[in-house]
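Tertiary structure, described
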Amino acid sequence: MIAQHALTGEDLTIDDVWAVAVGGARAVLSDSARAQMHAAREVVDRAAHGRSEHTYGVNTGFGRFVSQSIPEELTQELQLRLLRSHACGVGDPYPDEIVRAAMLLRANALAKGRSGARAELVELLLECLDRRVLPVVPSRGSVGASGDLAPLAHLALPLVGEGEAWFDGERLPGRDALERAGLAPMALEAKEGLSLVNGTQFMASFCSLGLVRARRLAKAADLACAVSLEALQGSRSSFIPEVHALRPLHGQGASAGNVLSLLEGSAINESHRWCDKVQDAYSLRCAPQVHGASRDLFDYIDYTVSVELNAATDNPLVLVEVDMLVSNGNFHGQPLAFALDALAMAAAELANISERRVERLVNPSLSGGLPPFLTTDGGLNSGFMIPQYVAASLVSENKVLAHPASVDSIPTSAGQEDHVSMGNAAGLKAWQVLANAEWALAIELLAGVQGVEFLAPLEPGRGVVAARSFVRELSPRLTDDRPLGADIDAVAGAIRDGSLVAAVEGEIGALR
């Protein structure tokens, strides 16, 4: 985790976003960014004062009101009313980490010096982030076209002493939250309100933080597969590199290599090397192909969001080199909407195939001799019968959530904004799919570890041994029935925060 990151608008990474939004690292404005912002501000000031031509959002209205002239003396009022009018989101607030990521990304976008905001405004935003003044931002209301207009307006209002924010666990009026943190609100200058709301930062936040979770999920899926493969006494031959060299997709090869590494040293595998089973079910044999396809989608998402983190997505953009403010469409969220829908689909499929492995573990017709539902004294005990129901429920919900939002569009602003991305809806769906997938894989890990233990004294591979030890620290072996919800939550949390994979990698080396 980084201790501090100096924002330049040019080099923010996905790991930086996680470190600040989740890990609490600090972000500050770099000297180079201050210089960039000052140069852009001079261009805006020249457009706002003494020029007669229309410049969108500087001396005009917004959206369909683009042709409505605004007199110079109302410049500040225009920017304030923009925030007020756009802050009409509804529903539950975004998760805290998404709001913190959006604050960071909005600051970095302004630091790029293509929006014309003053450095003091970014510094106030970063101070709020550092002192944990967290704007209350309703999660519904963005169509992802002119960026995330409604959410970003809610994010910005506390900077001018309005809206609401959390501070020290208390929900307060924005001005009071600033005061409690030792900060003072700012008055907006020309274009600054528009610069605060035009952008893709909430969509990009879902993409950035979601991708970190997804990468961990992919490794956990390989780990869960290896545990289940041992419990079901499956073959390792489908995972050997000679097979995957003949279809050299990057994700497929990485996934297969991980499973082989996790199985290394397995006495269980050795014990059934010469059995008469010809081939395993698809959920085992084809795991690298399925897991790998998700991994390859994650690579595409990585490319898209890594560009977006340091992109200029404002409108108009300040072209300092030619002293111009140019209306454009960089704020449109379609690239992120596609990426978020892909994220949901890829994560959903990791959970989908995982649930099929759970079914094999608990079903005595498919498990190769394991006790029905992985329990002794069956009948009195139900064992893992109902956790499989839960996994089935989660993957079924994911199938609905994986329907793409990005193919929908409802025109807004009286037809001026006649194609929108619905990227915010894609982000909200992807976030839930990731949580469902983490729970589903947690169920497989719990069931797989239980299954492996029925094969004692034979020991699994070193990676599976490490996974079993870690899981058992969170969840004791199930003997007599007990509620397993907290156990599932604990293992899912370890998937999400990376501690499960880190524990295994500490024993066998880095997974791909």
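The text that follows walks through the structure, step by step, so that each part is easy to find. (Residues numbered from 1 in each chain as written. Predicted model: local features only at pLDDT ≥ 70, side-chain atom pairs only at ≥ 80, totals over all residues. Heavy atoms only, no water.)

Comments concerning the sheet that holds strand 6 (residues 164–167)
Read across the sheet, three strands follow the order 4-6-7 without closing on themselves; strand pairing throughout is antiparallel. Sheet topology places strand 4 (134–135) and strand 7 (170–173) at the edges, where each strand pairs with a single neighbour. Across four bridges, the pairing between strand 6 and strand 7 is antiparallel. Across the sheet, phenylalanine 167 pairs through a bridge with glutamate 170, a residue of strand 7. (Pairing = 2+ DSSP bridges. Helix = DSSP H or I, 4+ residues; strand = E, 2+ residues; numbered from the N terminus.)

Describing the packing of aromatic side chains
One pass over the full model with this rule turns up three aromatic pairs. Where tyrosine 94 meets phenylalanine 206, the ring centres are 5.9 Å apart and the plane angle is 55°; that geometry is what we call tilted. Taken as a pair, tyrosine 94 in the loop between strand 3 (90–93) and helix 4 (96–111) and phenylalanine 206 in helix 9 (residues 201–231) lie far apart in primary sequence, 112 residues in all. The burial state of tyrosine 94 is the same as that of phenylalanine 206; both residues are buried. (Phe/Tyr/Trp six-rings, centres within 6.5 Å; stacked < 30°, edge-to-face > 60°. Buried < 20%, exposed > 50% of the residue type's maximum accessible area, 1.4 Å probe, protein only.)

Brief notes about the packing of helix 15 (residues 334–362) against helix 16 (residues 385–401)
Relative orientation of the contacting elements helix 15 and helix 16 amounts to 155°, with a least axis distance of 9 Å. Our classification of the angle between helix 15 and helix 16 gives roughly antiparallel. In this structure, the crossing between helix 15 and helix 16 has a hand that is left-handed. On helix 16, the residues touching Ala348, Ala351, Asn352, Glu355, Arg356, Val358, Glu359 and Val362 of helix 15 are Gln388, Ala391, Ala392, Val395, Asn398 and Lys399. By residue class, the composition of the contact of helix 15 with helix 16 is seven nonpolar, three polar and four charged. (Axes fitted to C-alpha atoms, helices over the stretch in contact; angles between N-to-C directions. Parallel < 35°, antiparallel > 145°, perpendicular 65-115°, else oblique. Left-handed = near helix turned anticlockwise from the far one by under 90°. Contact = heavy atoms within 4.5 Å. Nonpolar A, V, L, I, M, F, W, Y, C, P; charged D, E, K, R; others polar.)

None of this, on its own, says anything about what the molecule does.
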